[in-house]
Amino acid sequence: MGSNRGSPFAPHTTAERDAMLEVVGVESEEALFDVPEPVRFDGSLGIEPRDERSLVREVTATLGRNDDLVEFLGRGRHAHYVPSVVDHLADRSEFLTSYTQYQPEVAQGFLQALFEYQSLLVELTGLPVANCSMYDAATALGEAATLASRVRATTGDRVLVPEHLSEGRREVLENYVVGGDLSVESYPMDDGAVDVDALADLVDEDCVMLYVESPTVRGVIEESLSEMGTLADEHETLYVLGSDLVALSLLERPADVGADVVVGDAALGLPTAYGMGLGLFACREEFLRQVPGRLVGAGEDSTGARAYTLTLQTREQHIRRERATSNICTNQAWVALRAAMHAFSLGPDGLQSLASDCVTWADELAARLDGVTGLKAPVHDRHHMREFLVNTDQPARAVADDLRDSGYAVHVVGEHRIQVCVTDTNHDRVDGFVDAFEEAAR
């Protein structure tokens, strides 16, 4: 490797570095970068050294300044209690240190667990192909749109999404479709659900993808999924359904309502980190070689025993970028493993029971809030899962601020609308929440 290095982290001698700079046509490495002066590293991090006890005391004090609020927050990111067995098993070294399972001969256990995760998703969606490595629901939606542009035999460029789609998911989707020359358009909603008649006027041969969510970002359970599946099929439009593992255990299987692709957030295996999640992606078999991320497959080894391996990997480090169907890189296998552990610890009955509770609890809490003077809940006369909108006579922001002062966090979604989410993590705090809401609504 030579000597006379300018950096202990780069395997180049000074002569090698100078030769490269000469070929590029610059005099220094610094000339290759345009870093604004205010953010340049000046040689000091400004962090004074201290002993371990002092550091722990300082960090504890800093974290102690966080508000200790009971969250009734949702809008697509739902808190469910993660059993302790998930932490204990997922933190085993054979799982935690296995970044990507490129060497199947030493990763059979992890690969089998991922295969079971994919099998779970296949069973819940009814679609035969599922992957094990998507960032989150937003990027899964973006990947579905780029898949649609590749497989849909049309010159059209329209992607239709609900007008109630969360701002973050829409922004990610719009970033994704820029490269594919696609356009994102909204279709109208009727009392929190899709206005099917209005949608029928918008879907035509120029539409490459129709995206529908159930439950919606407002917690509404869509009741016309089959009709929208038929509508998409009539125009050869890719029908993409957004959901999550808990909801899928209770609601209609996407394959039975005509869905071509299912995306969403797993909603299992992780606490609500608001920025960290696990995206779902399942599709019909005809799209097998168009699926982003990784797929674990089962086969036989040289002795005839069942064996697992990474079957398809569409990352740019494996094939040329210009031929890649996706450039998703970060491995979500460990997060998928946690989701599988959570789901299997609940079992089929436990998963369905959790989903049923999330419907019942939302209905019961909405009824209690509707009995409070100055409140109307739910705003939409629909079936809900986990969350719903509340109309407030008083300004919603003022009500939410009062709730915050009482120790509760909610979403403000309009001048007189608040969104409330109830799951197994906060159901035991509902009584105090209702009392605080009643006081704030006066």
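Here is what the cut-offs are and how they apply
Residues numbered from 1 in each chain as written. Predicted model: local features only at pLDDT ≥ 70, side-chain atom pairs only at ≥ 80, totals over all residues. Heavy atoms only, no water. Axes fitted to C-alpha atoms, helices over the stretch in contact; angles between N-to-C directions. Helix = DSSP H or I, 4+ residues; strand = E, 2+ residues; numbered from the N terminus. Parallel < 35°, antiparallel > 145°, perpendicular 65-115°, else oblique. Left-handed = near helix turned anticlockwise from the far one by under 90°. Contact = heavy atoms within 4.5 Å. Nonpolar A, V, L, I, M, F, W, Y, C, P; charged D, E, K, R; others polar. Buried < 20%, exposed > 50% of the residue type's maximum accessible area, 1.4 Å probe, protein only. Pairing = 2+ DSSP bridges. Right-handed = clockwise from strand over helix to strand, strands pointing away. Patch = residues over 30% accessible without salt bridge, like charges linked within 9 Å, V, L, I, M, F, W, Y side chains within 5 Å. Areas by Shrake-Rupley, 256 points an atom, 1.4 Å probe, with all protein chains shown as cover. Salt bridge = Lys/Arg side-chain N within 4 Å of Asp/Glu carboxyl O. Lys, Arg positive; Asp, Glu negative; His and termini not counted. Charge placed at Lys NZ, Arg CZ, Asp CG, Glu CD. Core = buried A, V, L, I, M, F, W, Y, C linked by side-chain atoms within 4.5 Å.

Q: Describe in detail the packing of helix H12 (residues 396-405) against helix H13 (residues 430-440), supporting the description with residues and values.
A: Between H12 and H13, the shortest axis-to-axis distance is 9 Å and the interhelical angle comes to 135°. Taken as axis vectors, H12 and H13 run oblique relative to one another. As H12 packs across H13, the resulting crossing turns out to be right-handed. Side by side, H12 and H13 meet where Val399, Asp402 and Leu403 of the first sit next to Phe433, Ala436, Phe437 and Ala440 of the second. Of the residues assigned to the contact of H12 with H13, the class counts are 6 nonpolar, no polar and 1 charged.

Q: Go over the pairing of strand S3 (residues 158-162) with me, naming the residues and quoting the values.
A: The buried fraction of S3 is high, at 5 of 5 residues. Residue alternation in S3 divides its side chains into two sets, Arg158, Leu160 and Pro162 and Val159 and Val161, and both sets are buried. Bridging between S3 and strand S4 (residues 183-187) involves 5 bridges; their strand directions are parallel. Across the sheet, Pro162 pairs through a bridge with Tyr187, a residue of S4. Between the parallel pair S3 and S4, the chain is carried across by helix H7 (residues 167-178), and the sense of this crossover is right-handed. Two elements, S3 and strand S7 (residues 207-213), share 3 bridges in a ladder whose sense is parallel. Residue pairing across strands places Leu160 opposite Leu210, the latter belonging to S7.

Q: Explain the sheet that holds strand S16 (residues 411-414) to me, and be specific about the residues and the numbers.
A: One open sheet holds the 4 strands; their spatial order is S13-S14-S17-S16, and the pairing between them is antiparallel. Edge positions in the open sheet fall to strand S13 (375-376) and S16, since each of these has one partner strand only. Sheet topology note: the S16/strand S17 (residues 417-421) ladder contains 3 bridges and is antiparallel. Bridge assignment links His411 to a residue of S17, and that residue is Gln419.

Q: Got a sec to walk through a nonpolar patch on the surface? Specific residues and values, please.
A: On the surface, Val24, Leu32, Phe33, Val35 and Val39 cluster together into a nonpolar patch covering about 490 Å² of accessible area. Checked against the element boundaries, Phe33 lands in the loop between helix H1 (14-24) and helix H2 (52-63). For Phe33, a relative accessible area of 57% corresponds to the exposed category.

Q: Can you explain the environment of Ser353? Please cite residues and give values.
A: Structurally, Ser353 is set in helix H11 (residues 333-370). You can call Ser353 partly exposed: its relative accessible area is 37%.

Q: Explain a negative patch on the surface residue by residue, including any values.
A: Negative charge collects at one region of the surface, where Asp157, Asp181, Glu205, Asp206, Asp233, Glu234 and Glu236 lie side by side. Tracing the backbone shows Glu234 in helix H9 (residues 225-234).

Q: So what's going on with the nonpolar core? Residues and values would help.
A: In this structure, Tyr117 and Val296 are the most contacted members of the largest nonpolar core, which totals 46 residues. Mapped by element, the contributors of at least two residues to this core are helix H3 (84-90), helix H5 (108-125), helix H10 (245-248), strand S10 (279-283), strand S12 (306-313) and H11. Examining the composition of this core, we find that 12 residues originate from one element, H11, more than from any other. Aside from chain neighbours lying at most four places away, what touches Val296 is Leu111, Leu114, Phe115, Gln118, Cys132, Tyr308, Thr309, Leu310 and Thr311.

Q: Give me the sheet that holds S3: which residues, what numbers.
A: Strand order across the open sheet formed by 7 strands is S2-S10-S9-S8-S7-S3-S4, with mixed pairing between neighbours. Edge positions in the open sheet fall to strand S2 (129-130) and S4, since each of these has one partner strand only. Across 5 bridges, the pairing between strand S9 (residues 261-265) and S10 is antiparallel. Residue pairing in the sheet places Gly264 in a bridge with Leu280 of S10. Helix-sheet contacts for helix H6 (residues 137-151) involve S3, S7, strand S8 (238-244), S9 and S10, and the interaxial angle to S9 is about 160°. Against the sheet, H9 makes contact with S7 and S8, and its axis sits at roughly 150° relative to S8, the strand it touches most.

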